[in-house]
Amino acid sequence: TVDCPEIYTTDVFEDRKSVFQGHCATVTSLDEIKAVLNKLYENKKIAHATHNMYAYRIHLPDKNSWLQDCEDDGESAAGGRMLHLLEIVEAKNTLVVVSRWYGGIQLGPDRFKHINNMTRRALEESGALKQEKPSGGKKKKK
């Protein structure tokens, strides 16, 4: 059996009764991904979420290639958007899961914004993102 990697979980975010929560783990194999998902689903609240969407990217140095995939879990195109974000931020050996509990009010395209934000938040707060070089954005005044 595989040891379950440490899982980082964000605070919940709520909009019009829908609740979103992000989870992030460092993974290096499909077995570790299964272990993380199984561990998350042991939590009844997460297991009963309306959607548990996820995306992962694993670098295979010996093949110099990437193992990556995503799951919408019924929220059309959500996993693909999450995977796209992982690619943009060059996430490596990372699994991100976003849980959504539907509150009865449709959010339309806003739901993707929230799913994306929770993906990014889980990546940033867990430390999965390597520190980017400071861009020419806002500079702190001395």
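Residues numbered from 1 in each chain as written. Predicted model: local features only at pLDDT ≥ 70, side-chain atom pairs only at ≥ 80, totals over all residues. Heavy atoms only, no water.

### Brief notes about the packing of aromatic side chains
The line we're drawing: Any two rings among Phe, Tyr and Trp, with Trp reduced to its six-membered ring, count as a pair given centres within 6.5 Å; such a pair is stacked if its planes are under 30 degrees apart, edge-to-face if over 60, and tilted if neither. Three exposure classes are used, based on accessible area relative to the maximum for each residue type with a 1.4 Å probe and protein chains only: buried under 20%, partly exposed in between, and exposed over 50%. Either the NZ atom of lysine or the CZ atom of arginine qualifies as a charge over a ring when it sits within 6 Å of the ring centre and within 35 degrees of the ring normal.
Counting across every chain of the model gives one aromatic pair. The interplanar angle of 45° and the centroid separation of 6.5 Å between the aromatic rings of F13 and F20 together place this pair among those described as tilted. Among the residues examined, F13 registers a relative accessible area of 31% and is labelled partly exposed. Overall, the relative accessible area of 0% leaves F20 in the buried class. The lysine or arginine in question, R57, covers the ring of W66, its NZ or CZ lying 3.8 Å from the ring centre.

### Some details on the pairing of strand 3 (residues 18-26)
The test is simple: Runs of H or I in DSSP of at least four residues are treated as helices and runs of E of at least two as strands, each being numbered from the N terminus. The criterion for strand pairing is that DSSP finds at least two bridges linking the strands in question.
The buried fraction of strand 3 is high, at eight of nine residues. As paired elements, strand 1 (residues 7-9) and strand 3 share three bridges and run antiparallel to each other. Directly across from I7, in strand 3, lies its bridge partner A25. From the end of strand 2 (residues 13-15) to the start of strand 3, which pair antiparallel, there are two residues, and R16 there has a positive phi angle of about 45°. Direction of pairing for strand 3 relative to strand 6 (residues 94-101): antiparallel, over a ladder of eight bridges. Note that in strand 6 the partner of F20 across the bridge is R100.

### Digging into the pattern of salt bridges
Note the cut-off: Any Lys or Arg side-chain nitrogen found within 4 Å of a carboxyl oxygen on Asp or Glu counts as a salt bridge.
All told, the structure shown has eight salt bridges when counted by the stated rule. With a shortest N-O distance of 3.0 Å, E125 and R121 are connected by a salt bridge. Placement of the pair is E125 and R121 together in helix 4 (residues 110-126), with a separation of four residues, close to one helical turn. Judged by relative accessible area, E125 falls into the partly exposed class, the value being 37%. Within this structure, D15, R16, D110 and K113 form a network of salt bridges that share partners.

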